[in-house]
Amino acid sequence: CVTLAARKRSLVHQEGLPKLPVPPLKQTCEGYLAALEPIVSAEELDHTRQLVGEFLNGGVGERLQKGLERRARKTENWLSEWWMQSAYLDCRMPVAVYTSPGVVLPRMHFQDRQGQMRFAAKLIAGVLDFKKKIDSETLPVEYLSGKPLCMDQYYQILSSCRIPGPKRDTVVNYAIGKISSTHITVVHNFQFFVLDVYNSDGTPLTVDQLHMQLEKIWNSSLQTNKEPIGILTSQHRNTWGKAYNNLIKDKTNKESVRAIQKSIFTVCLDAPMPRVSDEKYQSRVAAQMLHGGGARWNSGNRWFDKTLQFIVGEDGTCGLVYEHAPAEGPPIVFLIDYVRIEMVRSPMVPLAMPQKLRFNITPEVKRDIEKAKQNMNIMVHDLDVKVLMFSHFGKNVPKKHQLSPDAFVQMALQLAYYRMYDTCCSTYESASLRMFKYGRTDVIRVTTVDSLNFVQAMQDPAKQVGERVLLLQKATQTHKNNTYNAIHGQAVDRHLLGLKMLSIEDLTSMPEIFMDTSFAVAQHYNLSTSQVGSKTDCVMCFGPMVPDGYGVCYNPMEEHINVAITAFNSCEETNAARFAQAVEGALLDMRALLEDAAATAQQ
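Residues numbered from 1 in each chain as written. Predicted model: local features only at pLDDT ≥ 70, side-chain atom pairs only at ≥ 80, totals over all residues. Heavy atoms only, no water.

## Brief notes about the overall build of the chain
So, step 1. Assigned secondary structure in the chain consists of 19 helices and 18 strands.
So, step 2. Against the 2.2 N^0.38 benchmark of 25 Å for 603 residues, the chain shows a C-alpha radius of gyration of 25 Å, consistent with a compact globule.
So, step 3. Dimensions of the chain, computed from the C-alpha atoms along their principal axes, are close to 75 × 60 × 45 Å.
So, step 4. Evaluated residue by residue, the chain yields a buried proportion of 58% over its 603 residues.
So, step 5. Sequence-distant contacts, at least 24 apart, represent 76% of the contacts inside the chain between residues at least 6 apart.
So, step 6. Carbon together with sulfur atoms contributes 54% to the accessible area of the chain, which is approximately 24,900 Å² in total. (Helix = DSSP H or I, 4+ residues; strand = E, 2+ residues; numbered from the N terminus. Rg over C-alpha atoms; globule rule 2.2 N^0.38 Å. Buried < 20%, exposed > 50% of the residue type's maximum accessible area, 1.4 Å probe, protein only. Contact = heavy atoms within 4.5 Å. Areas by Shrake-Rupley, 256 points an atom, 1.4 Å probe, with all protein chains shown as cover.)

This is the structure:
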């Protein structure tokens, strides 16, 4: 639920933002058929072509299009509410692993609780400083190719929380309204504390004060035999919805849960992870950020419904996990880049002991916790994570050859997939719609006829270097055009979603094109990818979108590329490490191709 005050506050810069357009129907139908061409058989494509023709010319498409244009005139953004519902709040899979992305921050060089406390205190102070910028609206507006972006998501990430429902969840934002939150939640050894982060005069606590308060929390939560109440939030949403209602029947529990939901954000003070080799470290930390490592480790040291949770481990592992419904990755990464940590020494004022949140564990709640532990451990064993720190080159190589770095990495993913499976698949790359008011994302469909031609040429020994390079140039140019169209509100997928949602709301019969196997294939993204650029050398990661797919998140830096790859062990065909190896090979082969061509040109 997004309330008005936040809307008003961020509207200062927002007034001039254009509304999300509804693309022309014919354009979307053509784009849809083009997207299907490389991923479905010729027979299926013919059948779909027929259905699309009927949809376009039989009056159904036209009627839905008009309805969508009406909705666009009447609302601030015709898509945002539908998107939040269909992509997140209606989705009943656990948020941990399935929708919440994790971010791994560079490893900190502390190995003890002192270092952990100090770092956590600095981190909290940095985020509070960022919050001051949001509250006073002095956050600099971001631009993309000269156009201002919608800043609304920044107002959704603090003091907000997802709340489970029996069939559909909601998101509540406490940043708005008369009394905004003044506390954060801190979890240590599965025990939750309310930490007030402002003095009585409204100034934020200093790093020293925060450090002192964290010490108190640490010292009063040394028992490790506590029930991990937070693990309930990692369950399937319907299961958690029932357990939630059980839990909050008790008044004490209800107050404790409310205190977590209302807090500005959560800090998880984690126990050290099991030791692993340096080579496996990055992959293990990425998994740790997504799920906490299991019931024996840190999975109970979370409240997965909380929009923002910073994780600070005793062994120097740091990062965060965020609930995806209110915001995309870029605002989160912007916040991380902002929180550059500096020390402030300050006079000491004695502060009250942070309040420990009490939970009454009834036999019923205990049963729910045991079930959640079992399911979490299954989930942990099923997630396969490989972080590839590709060190051979970064954006510098594609840029030298006048190619878009993003398109270059995407073509490497296509080539890697084709080499492993001898076919290409439906591929999702998220594109930001923040040029428009309350814009979220659309899909850049990466697999095109041109990308297919390129990967096939790479595998065909008869093809010459020159021909391969031309096909690579053409494929990256097509990708660049598709990206441009997507960020300007002219992609295919959200428009189709809008038409489909409208036909559901109008209770008319579902148009044939949405019941067609091609539509199911198009929506089954075996490769779900996202470029999240950050100045900080961090790695973002998320789980696969489908049981037999990969989740791939990459951050191309100037001279290296961080890539996090996830898959499920329960699928025999997928393997994150093998795919990572294929990606590394593809990137190196593509550089070699460009260099061969350049050398030949010079002769």
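## Observations concerning a positive patch on the surface
So, step 1. A cluster of basic residues, Lys167, Lys242, Arg367 and Lys371, forms a positive patch on the protein surface.
So, step 2. Inspection of the secondary structure puts lysine 242 in helix α8 (residues 237-247). (Patch = residues over 30% accessible without salt bridge, like charges linked within 9 Å, V, L, I, M, F, W, Y side chains within 5 Å. Salt bridge = Lys/Arg side-chain N within 4 Å of Asp/Glu carboxyl O. Lys, Arg positive; Asp, Glu negative; His and termini not counted. Charge placed at Lys NZ, Arg CZ, Asp CG, Glu CD.)

## Brief notes about the domain arrangement of the chain
It is common to report an interface's size as the accessible area lost on association of the parts.
So, step 1. Partitioning the chain into domains gives domain 1 (89-139 + 149-383) and domain 2 (391-602).
So, step 2. For domain 1 and domain 2, the distance between their C-alpha centroids amounts to 32 Å.
So, step 3. The partner domain 2 presents 26 residues to the 33 residues of domain 1 that form the contact.
So, step 4. There are one salt bridge connecting domain 1 and domain 2.
So, step 5. A salt bridge links arginine 440 to glutamate 328, with the nearest nitrogen and oxygen atoms 2.7 Å apart.
So, step 6. Taken together, the links from domain 1 to domain 2 amount to eleven residue pairs in polar contact (both at pLDDT 80 or more). (Domains from an automatic or database assignment. Polar contact = N/O pair within 3.5 Å; in protein donor to acceptor, adjacent residues only side chain to side chain.)

## Notes on the pattern of salt bridges
So, step 1. For the structure shown, the criterion picks out 28 salt bridges.
So, step 2. Measuring nitrogen to oxygen at the nearest pair gives 2.8 Å for the salt bridge that ties aspartate 169 to arginine 162. Pair check on accessibility: aspartate 169 and arginine 162 agree, each one buried.
So, step 3. Residues joined in a network through salt bridges with shared partners are Arg92, Arg162, Asp169, Arg237, Asp305 and Glu323.

## Remarks on the packing of aromatic side chains
So, step 1. The tally for this structure, following the rule as stated, stands at 21 aromatic pairs.
So, step 2. Relative to tyrosine 88, the ring of tryptophan 83 has its centre 6.2 Å away and its plane inclined at 80°; by these criteria the two rings are edge-to-face. Here tryptophan 83 and tyrosine 88 have matching classes, each one buried.
So, step 3. For the ring pair phenylalanine 130 and tyrosine 154, a centre distance of 6.1 Å and an interplane angle of 50° mean the geometry is tilted. A residue pair is termed long-range when its members are at least 10 positions apart, and phenylalanine 130 in helix α6 (residues 113-135) and tyrosine 154 in the loop between β3 (147-148) and β4 (160-163) qualify at 24 residues. Judged on exposure class, the residue phenylalanine 130 and its partner tyrosine 154 are both buried.
So, step 4. Ring-pair connections join several aromatic residues into one group, and the members of that group are Phe192, Trp240, Tyr244, Trp303 and Phe359.
So, step 5. In this structure, arginine 107 packs its charged tip against the face of tyrosine 281, placed 4.0 Å from the ring centre. (Phe/Tyr/Trp six-rings, centres within 6.5 Å; stacked < 30°, edge-to-face > 60°. Lys NZ or Arg CZ within 6 Å of the ring centre and 35° of its normal.)

## Side note on the packing of α8 against helix α12 (residues 363-382)
So, step 1. Interhelical geometry of α8 versus α12 gives an angle of 155° and a closest axis separation of 10 Å. By the angle between their axes, α8 is roughly antiparallel relative to α12. α12 is crossed by α8, and the crossing has left-handed handedness. Residues Thr239, Ala243, Asn246 and Leu247 of α8 pack against Glu364, Val365, Asp368 and Lys371 of α12. (Axes fitted to C-alpha atoms, helices over the stretch in contact; angles between N-to-C directions. Parallel < 35°, antiparallel > 145°, perpendicular 65-115°, else oblique. Left-handed = near helix turned anticlockwise from the far one by under 90°.)

## So, the packing of helix α2 (residues 25-36) against helix α3 (residues 42-57)
So, step 1. Where α2 meets α3, the closest approach of the two axes is 11 Å, and the angle between their N-to-C directions is 175°. Accordingly, the angle class assigned to the pair α2 and α3 is roughly antiparallel. From α2, Leu25, Lys26, Cys29, Tyr32, Leu33 and Leu36 reach across to α3, where they touch Leu45, Thr48, Arg49, Val52, Phe55 and Leu56.
So, step 2. Residues of the contact of α2 with α3, tallied by class, amount to nine nonpolar, one polar and two charged. (Nonpolar A, V, L, I, M, F, W, Y, C, P; charged D, E, K, R; others polar.)

## Here's the deal with the environment of phenylalanine 519
So, step 1. Following the sequence through the fold, phenylalanine 519 ends up in helix α18 (residues 517-523).
So, step 2. Phenylalanine 519 gets classed as buried once you look at its relative accessible area, which sits at 9%.
So, step 3. Residues phenylalanine 519 and leucine 36, spaced 483 residues apart in sequence, show a C-alpha to C-alpha distance of 8.6 Å.
So, step 4. For phenylalanine 519, the residues in contact, after removing those within four places along its chain, are Tyr32, Leu496, Lys500, Ile513 and Phe514.

## Here we look at unusual backbone geometry
So, step 1. Positive phi, normally seen in glycine, also occurs at phenylalanine 190, with a value near 70°.
So, step 2. Among the secondary structure elements, phenylalanine 190 is positioned in the loop between β6 (183-188) and β7 (191-196).
So, step 3. Its relative accessible area of 15% is what places phenylalanine 190 among the buried residues.
So, step 4. Residues other than glycine seldom take positive phi values, yet aspartate 422 does so here, at roughly 60°.
So, step 5. The residue aspartate 422 is located in the loop between α14 (405-421) and β13 (427-432) in this model.

## A short note on the pairing of β6
So, step 1. The buried fraction of β6 amounts to six of the six residues, a majority that puts the element mostly inside the structure.
So, step 2. Of the pairings in the sheet, the one linking β6 to β7 comprises six bridges and is antiparallel in character. Each residue of the ladder has a partner; that of isoleucine 184, found in β7, is leucine 195.
So, step 3. Remark: two residues form the turn of the hairpin made by β6 and β7, two consecutive strands paired antiparallel; asparagine 189 in that turn has positive phi of roughly 50°.
So, step 4. Where β6 lies against strand β8 (residues 266-270), four bridges are found, and the strand directions are parallel. In the sheet register, threonine 185 faces β8, and the bridge partner there is threonine 266. (Pairing = 2+ DSSP bridges.)

## Considering the state of the cysteines
So, step 1. Inspection of every chain in the model, using the stated rule, returns zero disulfides.
So, step 2. Looking at the unpaired cysteine 91, the closest cysteine sulfur is the one in cysteine 161, lying at 17 Å.
So, step 3. Cysteine 268 takes part in no disulfide bond, and the closest cysteine sulfur to it belongs to cysteine 318, at a distance of 12 Å. (Disulfide = S-S within 2.5 Å.)

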